[in-house]
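Structural features, examined
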Amino acid sequence: MKLLEDRILKDGQVLPGGILKVDGFLNHRIDPQLFYDMAEELKRRFRDEGVNKILTIEASGISLAIMTGYVFGCPMVFAKKSRSKNISRDVWSVEVESFTHGNTNTVMVSKEYLGPEDRVLIVDDFLATGAALRGLKELVEMAGGSVAGAGIAIEKVFQGGGDLLRKEGMRVESLARIASMTDDSITFC
């Protein structure tokens, strides 16, 4: 998606350790028009998949997932990284590694919000190693639902997660695919 690629080149910053800082428009300060345009593109790509639920992981994927749910006209659910006092004790849960945070979280979704009737589009801001998507797919399968695919804002292709997921049979659609990054350049696929 050229619009997103242009924005990454204009406002993104490469940090040491393979980190792409895009918090000025994607995951700290949000550009609503850009998110709407990205959600519309995800709907165009997945319109024939029977999607009736959007799933993401806490926290930076929530904004894109909400907008995607809005354009699909369906609910959005996010997997929580910690149990709060108000979450049901009856949950689907799985361990997920975070590339960005360098830790592992037990993520969970209340069983009342994810079930066998759900055809789920998983949405996230980044795809690096694929651990988050794999974990979310596992949650959907635990619930008896089916995964239509994954819609990603930015895929760091050089980290291999997208290719592994595709080889495993998951449909992955990324709006911007980065082949490589250096301190002073970003190369798209």
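So, a few notes on the structure that sits alongside this text. Remember, predicted model here, so these are calculated numbers, not experimental data. (Residues numbered from 1 in each chain as written. Predicted model: local features only at pLDDT ≥ 70, side-chain atom pairs only at ≥ 80, totals over all residues. Heavy atoms only, no water.)

**Some words on the side chain of Lys53**
If you trace the backbone, Lys53 turns up in strand E3 (residues 53-57). Polar side-chain contacts of Lys53 include one of 3.1 Å to the side chain of Asp118. (Helix = DSSP H or I, 4+ residues; strand = E, 2+ residues; numbered from the N terminus. Polar contact = N/O pair within 3.5 Å; in protein donor to acceptor, adjacent residues only side chain to side chain.)

**A word on helix H1 (residues 2-11)**
Buried residues of H1: Leu4, Arg7 and Ile8, and no others. Looking down the long axis of H1, one finds its buried residues gathered within 100 degrees of arc, a one-sided arrangement. In H1, the exposed residues that point more than 90 degrees away from the buried face are Lys2 and Lys10. Summarising the contacts, the buried residues of H1 are in contact with strand E2 (19-21), helix H2 (32-46), strand E8 (146-156), strand E9 (172-182) and strand E10 (185-188). (Buried < 20%, exposed > 50% of the residue type's maximum accessible area, 1.4 Å probe, protein only. Arc of directions from axis to C-beta. Contact = heavy atoms within 4.5 Å.)

**Digging into the pairing of E8**
Judged by how many residues are buried, E8 sits mostly within the fold: ten of eleven residues are covered. The pairing of strand E7 (residues 119-127) with E8 spans eight bridges and is parallel. The partner of Val120 across the bridge, within E8, is Val147. Crossover E7 to E8 through helix H4 (residues 131-142) is right-handed. (Pairing = 2+ DSSP bridges. Right-handed = clockwise from strand over helix to strand, strands pointing away.)

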